[in-house]
Amino acid sequence: MDATTPAAGTSAPPPGLDTMNVTVKIKRYDPEKDARAYWAEYRLDVRPTDRVLDVLNQIKWEMDGSLSYRRSCAHGVCGSDAMLINGVNRLACKLLVRDLGSSIAVEPIRGLEVVKDLIVDMEPFFDSYKSVLPYFVNDDPEPARERLQSPEDREIFDESTKCILCAACTTSCPVFWTNGNYVGPAAIVNAHRFIFDSRDQATDERLAALNQPSGLWRCRTAYNCTEACPRDIPITKQIEEVKRALLWRQA
Amino acid sequence: MPRAHKYDVIVVGAGGAGLMAARYAAQNKDVKVAVISKLYPTRSHTGAAQGGVGAALGNVSEDHPEWHAFDTVKGGDYLTDQDVAETFAHEVVDAVYELEHMGLPFSRTPEGRIAQRKFGGHTREFGKSAVERACYAADRTGHMILQTLYQQSIKDQVTFFNEFHVLDLVLEDGSARGVVAYELATGEIHVFHAKATIIATGGNGRMFKVTSNAHALTGDLMSIVYRRGLPIEDPEFYQFHPTGLYKIGVLLTEGARGEGGILRNKDGERFMERYAPSIKDLAPRDMVSRAMYLEIQEGRGVGPDGDYIHLDLTHIDAEIIEERLPDITEFARIYLGVDPIKEPVPVQPTAHYAMGGIPTTIDTQVVADGEGTVVPGLYAAGEVACASLHGANRLGTNSLGDLIVFGRRAGIEAAKYAARVDYEPMPAGVDERAREELERIRAASGSERAAHIRKELQDTMMDNASVFRTEATLAKQVEILADLRERYKQVSVEDDGQVFNTELMEVVELGFLLDNAEQLVYAARNRTESRGAHSREDHQDRDDDRWLEHTMVYRNDDGSVRVGAKPVTLGKYEPKPRVY
Ligand SMILES: Cc1cc2nc3c(=O)[nH]c(=O)nc-3n(C[C@H](O)[C@H](O)[C@H](O)COP(=O)(O)OP(=O)(O)OC[C@H]3O[C@@H](n4cnc5c(N)ncnc54)[C@H](O)[C@@H]3O)c2cc1C
Ligand code: FES
């Protein structure tokens, strides 16, 4: 693909002091046209404060409308746009150009089937998530008001409530790359969310679900997940806590 | 041939309102329910809500639903339907407990109860001083609501059609029969036949340049029902939230001011003391946004261009900021490179919330006219709907409350209706209109780009129809919209594929946005008074004699626009001047 420059009078910033020229390489694939994925290259003027998502939008809106990716909130809360950016899993909307420099490479997250360009099939990821009973269970009669929980008990699982299911962690995990059946860090974080909630009653079932051949014990503490998490969840630590909870129950 | 599906109840939208509706519809064992959403459910913008959900639990200090109802009516500048506000203020208490029973991880008081904080316009004893009413989970309340409801929907085994984009509503002989949707992964058209259809598709903030709203919030269903001849209620009341991050619009919750944050002009002055002496920075949003604009207009804005205001949190304990406002602190650091613990954050009003929408009864049935004639089989809830709880200006935390109260009502009512009636026949060819529209766009060979038209729309709506309006700016915007609409016909797409043709969908969404802008501008031009979020510089006073009524905007068959009215349901709170 030829390098192109954006049309004038558009959402692209005017070239000037506060803009910079970047080269963006994007791994593209259209199942209706391409036998295999290929790298396309684009050159354009952007602001250092632009998000990578803004850059992708600028390419889509000004240069090549067929470029496809998921996005919605544009500020790191909906989990739509995890991508492999300059070799690390990031949310495109939470990473600024100035933190990357003038050459940017964007690929789909790994280990899930690519559907088109940066869009992958997320269903296997959500199936793993659903397998750990990621919902609150408490069959006692409901009180008239709230169930009580001390701030300290609430704090224990605070970090795991932050997960936005973007799959950045799971798709950065070397165990997941070689074994797509591995339940993966995101599912374990969401199990942690309930296992350590003082109000929940389904810990046994959840731990049993994780104690499967493709479950918790596959984790080799590579720490990739912790580094990839855009919400700064200490994932490896949480996986260790769940492992300990399981051993404790078994003992 | 379209792919055909049949469900007793179809819910369009999987944000807070849609998931709540689905949950309650499914509790009626006689009905089969499915949810259709253009986004995967957890991507819905409910997840972006930060500050809290308002309910008079009284966990921190004394509070009563009556006080909440009054604040809602006054905050809405008396355009709120008072029966709706009363019902809401009472039901939201139970609805919040119910979220807690579903496992929602609220922050907690030292006694272990749901934590509550102050928010704009929420007061004790009918306006005396600010009260802690916003139930919160740090500054991630919406995220927790969305996650909790989605988690429960997994438990309840709800049927989802994810990444299905609804393009049309089937409305025959005045009754709703279902929807037509486009499957993003395959490009196939599906027809969903339903006895009852619930619309829960959220807002339309993407018609403005600076907005807190997600890219996906393009007012699709507000446009679709309008094209089918149904009215939109009160679209001129569009809320600008005072504290969007400068230039990018990402929201910093009002909870920041609830925790003690202060707005300052370039002289460092706490200017809200002049505009709202009793509750100052916690005045309702319309007043604060106007005050900020006035400060900027009068040369007291901050920055090289004097076009922003400072949100100052530096006097608040760093630990409190990190604990109660962690996400917004991170947003300021990442997107502006500003650390709120050490320095004030540049902010400006950001397009945030549609008070108006698809008109409904208190039971969420969609109405077709100013007399309140119900459209059989059609329901709406959440930001897309107008019950009218928020009147001319929504109070912070009342939208999340709206989702759970009226989402629940919609699910219950729609299921009751569906269990009682038979399917109305589904005529052949109901998918023709949607198909033709897609074919037209795919075949177009004009030189226009959707992105350019969208940008012009957003820029001009910001200039001519945002916080302040006049006859001149609105008349100009009417012309601009007509021109953009012509140019829209010349938009072509490069992507001719079927699989995830996101370019095609962006063009369709732009068409919806143009309709939303039309509704807003015609209604705003018609209303020659200032009330709540609708501020006319050429008609600065509220005029209850002439304008204490809801707007109803219709599109006629010939494409012209008609503006009608609908009475406001008054009650025990007499309209009074709104001072804080
Ligand atoms: C940044 C931010 C912070 C906020 N903070 C607060 C707060 O603290 N307190 C408060 O009360 N309110 C707050 N609000 C307002 C509140 O969050 C929203 O009004 C509310 O979440 C809207 O919920 P909803 O269910 O109506 O729509 P959404 O959550 O927006 O969901 C819309 C759904 O409709 C679907 N959809 C849309 N169009 C189509 C289509 N054509 N076909 C199929 N599906 C479609 C989408 O996929 C999505 O699932 C905030 C809003 C924002 C933007
Ligand atoms: S677009 Fe929502 S997380 Fe990036």
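Residues numbered from 1 in each chain as written. Chains lettered and ligands numbered in written order. Predicted model: local features only at pLDDT ≥ 70, side-chain atom pairs only at ≥ 80, totals over all residues. Heavy atoms only, no water.

## Looking at the overall build of chain B
Item 1. Helices and strands together make up the secondary structure of chain B, namely 16 helices and 20 strands.
Item 2. At 23 Å, chain B has a C-alpha radius of gyration in line with the 25 Å of a compact globule built from 580 residues.
Item 3. Seen along its three principal axes, the alpha-carbon backbone of chain B occupies a region of about 65 × 50 × 50 Å.
Item 4. By residue count, 70% of the 580 residues in chain B fall in the buried class.
Item 5. When contacts within chain B are restricted to residue pairs at least 6 apart in sequence, those whose partners lie at least 24 apart make up 75%.
Item 6. A total accessible area of about 18,200 Å² is found for chain B, and carbon and sulfur atoms account for 47% of it.
Item 7. Of the side-chain charges in chain B, 65 are positive and 89 negative, and the distance between the mean point of each set is 2 Å. (Helix = DSSP H or I, 4+ residues; strand = E, 2+ residues; numbered from the N terminus. Rg over C-alpha atoms; globule rule 2.2 N^0.38 Å. Buried < 20%, exposed > 50% of the residue type's maximum accessible area, 1.4 Å probe, protein only. Contact = heavy atoms within 4.5 Å. Areas by Shrake-Rupley, 256 points an atom, 1.4 Å probe, with all protein chains shown as cover. Lys, Arg positive; Asp, Glu negative; His and termini not counted. Charge placed at Lys NZ, Arg CZ, Asp CG, Glu CD.)

## Quick look at the interface of chain A and chain B
Item 1. Contacts between chain A and chain B engage 71 residues on the former and 62 residues on the latter.
Item 2. Buried surface at the junction of chain A and chain B, both sides included, amounts to about 5,600 Å², of which 49% is carbon and sulfur.
Item 3. By the criterion of area lost to chain B, the three top residues of chain A are Trp61, His75 and Glu146 of chain A, representing 12% of everything that side buries.
Item 4. Put simply, chain A and chain B have nine salt bridges between them.
Item 5. Across the pair Lys94 of chain A and Glu330 of chain B runs a salt bridge, and its minimum N-O distance is 3.2 Å.
Item 6. At the surface where chain A touches chain B, the tally comes to 42 residue pairs in polar contact (both at pLDDT 80 or more).
Item 7. Those elements that provide at least two residues to the side of chain A that touches chain B are helix H1 (52-63), strand E6 (114-116), helix H2 (123-131), helix H3 (151-156) and helix H5 (185-195) of chain A.
Item 8. Looking at which element gives the most residues to the side of chain A that touches chain B, the answer is H1 of chain A, with six residues.
Item 9. In terms of residue class, the side of chain A that touches chain B is made up of 32 nonpolar, 14 polar and 25 charged. (Buried area = accessible area lost by both parts, 1.4 Å probe. Salt bridge = Lys/Arg side-chain N within 4 Å of Asp/Glu carboxyl O. Polar contact = N/O pair within 3.5 Å; in protein donor to acceptor, adjacent residues only side chain to side chain. Nonpolar A, V, L, I, M, F, W, Y, C, P; charged D, E, K, R; others polar.)

## Let's talk about the site of ligand 1
Residues and elements named next belong to chain B.
Item 1. Around ligand 1, a shell composed of 40 residues is seen, among which Ser37, Ser44, Thr46, Glu383 and Leu400 lie nearest.
Item 2. Within the side chain of Ser37, an N or O atom sits 2.8 Å from an oxygen atom of ligand 1.
Item 3. Contact between ligand 1 and Gly52: a nitrogen atom at 2.9 Å from a main-chain N or O atom of the residue.
Item 4. Contact with the protein chains hides 98% of the accessible area of ligand 1, taken as 1,000 Å² for the molecule alone.
Item 5. Counting residues per element, the ones that place at least two in the shell around ligand 1 are helix H1 (16-26), strand E2 (33-37), strand E7 (164-172), helix H5 (220-227), strand E14 (345-354) and helix H11 (398-420).
Item 6. Broken down by class, the residue content of the shell around ligand 1 amounts to 16 nonpolar, 20 polar and four charged. (Near = heavy atom within 4 Å.)

## Things to note about helix H8 (residues 285-297) of chain B
All names here are of chain B.
Item 1. Its 13 residues give H8 an end-to-end C-alpha distance of 18 Å, which sits within 8% of 18 Å, the value for a rise of 1.5 Å per residue.
Item 2. Among the residues making up H8, those that are buried are Arg285, Asp286, Met287, Val288, Ser289, Arg290, Ala291, Met292 and Glu295.
Item 3. Just downstream of H8 lies Gly299, where phi reads positive at about 85 degrees. (Expected span 1.5 Å × (residues − 1).)

## Thoughts on the packing of H1 of chain B against H11 of chain B
Residues and elements named next belong to chain B.
Item 1. Their axes nearest at 7 Å, the elements H1 and H11 cross at an angle of 40 degrees. In terms of orientation, H1 lies oblique with respect to H11. Crossing geometry of H1 relative to H11 is assigned as right-handed. Mapping the contact onto sequence places Gly16, Ala17, Met20, Ala21, Tyr24 and Ala25 in H1 and Leu403, Ile404, Gly407, Arg408, Ala410, Gly411, Ile412 and Ala415 in H11.
Item 2. For the contact of H1 with H11, a count of residues per class yields ten nonpolar, three polar and one charged. (Axes fitted to C-alpha atoms, helices over the stretch in contact; angles between N-to-C directions. Parallel < 35°, antiparallel > 145°, perpendicular 65-115°, else oblique. Left-handed = near helix turned anticlockwise from the far one by under 90°.)

## Notes on the packing of aromatic side chains
Item 1. One pass over the structure, following the stated rule, counts 20 aromatic pairs over all chains.
Item 2. Ring centres 6.5 Å apart and planes at 80 degrees place the aromatic pair Phe126 of chain A and Tyr129 of chain A in the edge-to-face group. Of the two residues, Phe126 of chain A and Tyr129 of chain A are both situated in helix H2; the distance of three residues between them amounts to about one turn of the helix. Take Phe126 of chain A and Tyr129 of chain A: they sit in the same class, and that class is buried.
Item 3. An angle of 10 degrees between the planes, with centres 3.8 Å apart, marks the rings of Phe126 of chain A and Tyr40 of chain B as stacked. Linking Phe126 of chain A in helix H2 with Tyr40 of chain B in the loop between E2 and strand E3 (53-54), this pair reaches from one chain into another. For the pair Phe126 of chain A and Tyr40 of chain B, one class covers both residues: buried.
Item 4. These aromatic residues form a ring-pair network of at least three members: Phe125, Phe126 and Tyr129 of chain A together with Tyr40, Tyr150 and Phe160 of chain B. (Phe/Tyr/Trp six-rings, centres within 6.5 Å; stacked < 30°, edge-to-face > 60°.)

## With respect to the pattern of salt bridges
Item 1. Across all of its chains, the model carries 84 salt bridges over all chains by this definition.
Item 2. The network of salt bridges with shared partners includes Asp77, Glu236, Asp286, Arg290, Arg527, Glu529, Arg531, Arg542, Asp544 and Arg578 of chain B.

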